Every structure is written in C-alpha cells, then in structure tokens.
Amino acid sequence: MAFLKIENVKIGGVAACVPDCLQDNMTYDILSEEERKKYIETTGVHFRHVTDKDTCTSDLCYEAAEKLISGLCWNKSEIDALVFVSQTPDYKMPTTACTLQYRLGLPPSTLTFDISLGCSGYVYGLSVLSSMVASGNIKKALLLVGNTQSKNVNYRDKSTYLLFGDAGTATALEYNPTEPDTMLFNLQTYGDGMNSIIIPDGMYRNPVNESSFIESTDEEGNIRTPMQLKMDGMDVFSFVISKVPKCIKGLIEKYQITDDMVDFYLLHHANKFLMEKIRKKLNLAQEKTPYNIENFGNSSGACVPLLMVTNCKDKLQSGTTRMLFTGFGVGLSLGACYLTTKNIVVSELVVYKNDK
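All figures in this text were calculated on a predicted structure; none of them were measured in a lab. (Residues numbered from 1 in each chain as written. Predicted model: local features only at pLDDT ≥ 70, side-chain atom pairs only at ≥ 80, totals over all residues. Heavy atoms only, no water.)

Q: An account of the packing of helix α5 (residues 233-255) against helix α6 (residues 272-281) is requested, with residue identities and associated values reported.
A: Where α5 contacts α6, the axes come no closer than 10 Å and their chain directions differ by 35°. Of the two possible hands of crossing, α5 and α6 adopt the one that is right-handed. Contacts between α5 and α6 involve F237, V240, I241, V244, P245 and I248 on the former and, on the latter, F273, L274, K277, I278 and K281. Split by residue class, the contact of α5 with α6 holds 9 nonpolar, no polar and 2 charged. (Axes fitted to C-alpha atoms, helices over the stretch in contact; angles between N-to-C directions. Helix = DSSP H or I, 4+ residues; strand = E, 2+ residues; numbered from the N terminus. Left-handed = near helix turned anticlockwise from the far one by under 90°. Contact = heavy atoms within 4.5 Å. Nonpolar A, V, L, I, M, F, W, Y, C, P; charged D, E, K, R; others polar.)

Structure representation (structure tokens):
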C-alpha cells in the first residue's frame, strides 16, 4: 500500500463553485413518481447542480479560485504552482491547467499540469501537490479539482443520469515548516476494474467513429452511446464494500488514528446507500459524518472540498479541525487521507451563472 506522510505544508483555505441550474430528480419523467421517490430515498440525491452546454469544469474552478485568492489576500505573482484535477477538461490538448494559469493572471513562472482522475481526484491531487510544496521550493500553490460529469450521461440512462452533479473547487496550499498541518495518505489502485466505470469511445484506444454516436439499450433498459458514461453498479458496489473500509482501516492502523482524533469523517458521495454501508461497517458516528448529497449529488472529485464548504465551514474557520476523508471510483482508484487544519479561510459557496 502507498502510505505517505507529508510535512511542512499548511492548508490556507478552500472554496467551491456550482452552476446555478438546479435539477429536481422528482421531475424525471422516465420513472414513475413512486420510482422517483424510491430512487431519492435510496441514493439520497434529490437535487443536482448541472452546467449548461457552454460551461466547463474550468469555469467553475476559475470562479472558486478567484474567490479563494481574494479571501486569502494572496498576491497572484507569488503563486508558484497550479494543478487541475478532472476528467472533464477543456480540450484534448492543451492541458486545462495552462489555460487557467492564463485566465487567473498567474505569472509565467507558475508550474502547471493536469491530473486525469475522477472520484479519487481530491485525495490524489492533494498528495501530489503537497509533496511538491513540502520541499520548500514552492511556497504557495492552488489545487483545483472538479468535474462536469452531467455532460457525459444520457437522459435515458437511469443508472447515471440522476446521480451526478457538477462542481469546481479550489484549495490553497502553503509551505510552512513552523506550523504545518498533519497530512497522512493511503492510496490504492485496482486497474482490473477499469471497465466498471468507463466512457469507451472518444480517445486513442477507441477513436471516434460512426458507431460512437449510435445508442444501444442494455439489459436493464438503460440507453447510451459509446461516447457516454457506462457504469456497472454491481461491480462498483463490490469494490466499494470490499476495498474502501479496508483502505480507511489501513490508514487508521498505520498511523494509530483514534476516533477522538477525528472531528469529521468525509466520505466520497457515491450514493447514500453506499455511504451508509461504509459508515456502519466502520462504526463511524453519524454526527461526525456529514452529507450534502441531497442537494448536490455525486460531484466526483469535488465531493470532499464541496462538503468542507457547505457543512464544515464554521469549524474549519474557528480553530483546529481534524478530518479523515476518502475518494473512490473510476479507475478503479481509491484513497484516504487524515488531515488537520487550523483557522483556514472558507469562502462562501459560489453559484455560477453563465451570462454569455
């Protein structure tokens, strides 16, 4: 297992942005009213913020970053690195991190790159960027994590359409050897499950062709094209139930983390049924395990920082906060992190309206 302990790094703040368009799953006419109620009860997803056709993940991350930079009173010329973690970039090339460096007005000396990861993206991104900051060569850095997965689902695919919400987030990291945060990671990969969550066509293994846009119906009546997200629910369920609790337990045992050392357990918002399975399996206190899935759905890699902004803001701003959080999904990729912060800046949730 890939255990990491990062030193000399402090989290300065966090911000999140969601699009203003709010969809109500009770209006989904593919299902009966009774089926819609059952779906909401099981998954926990009632409302989802979704982008319009012209809004990209980078737009949401840009708004979150501007809000956070302003709240921190950072001088943009002092920002040394920007990492963008997403699987819904602006282009095949160039990297979206390069476009965001320009849009944000960061100096040419800024180190930038993309990381292509979905639901585990925040945990992985934080481990990568904090490792770089820990050296002291990078003093201030931005981690931008988000997805607009609603663009990849078919309206007639009941297994995915009602689940995903869109969001972009920004986290500020600083080199601070005198008052560092505690950062502990356990990172894992199960690539044999790559087909469990996949968009088959559109890149170089299976380039776009005439059949890429032809819809087909699976055995459960879900309709999609090879250019849209396909998810095997049973495979994902098996992965989550068997691997996620072990990953969290591994981190806890490796670093001897006790329950009284944790203020919040922040679980990736796959769906409420799976989250409750994990919570109960690990015997996590309900009052320490906040959810916002009812109003935001599964926002992929943005789930954890979005949860910090919507549910943990007061605590994060007012003193030391100790969190244990996870990210897991497409890949199949998995990570857990134990993080302490102190008096960080938490911006008000930005609701983005595309005025173009």
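Q: Can you tell me about the nonpolar core, naming the residues and giving the values?
A: Among the nonpolar cores identified, the biggest contains 44 residues, and L126, L143, L266, M308 and F325 are the most heavily contacted of them. If one sorts the elements of this core by residue count, helix α4 (residues 121-133) sits on top with 6 residues. (Core = buried A, V, L, I, M, F, W, Y, C linked by side-chain atoms within 4.5 Å. Buried < 20%, exposed > 50% of the residue type's maximum accessible area, 1.4 Å probe, protein only.)

Q: Let's hear about the side chain of N154: which residues, and what values?
A: Structurally, N154 is set in the loop between β7 (140-147) and β8 (167-175). At 3.4 Å, the side chain of N154 and the backbone oxygen of I223 are in polar contact. (Polar contact = N/O pair within 3.5 Å; in protein donor to acceptor, adjacent residues only side chain to side chain.)

Q: Could you give me a rundown of unusual backbone geometry, with the residues and numbers involved?
A: Among all residues save glycine, negative phi is the norm, and among peptide bonds the norm is trans. With an omega of 10°, the peptide bond running from M93 to P94 counts as cis. Checked against the element boundaries, P94 lands in the loop between β5 (81-85) and α3 (96-104). Phi is positive for Q256, close to 55°, though the residue is something other than glycine. When you line up the elements, Q256 lands in the loop between α5 and β14 (264-266).

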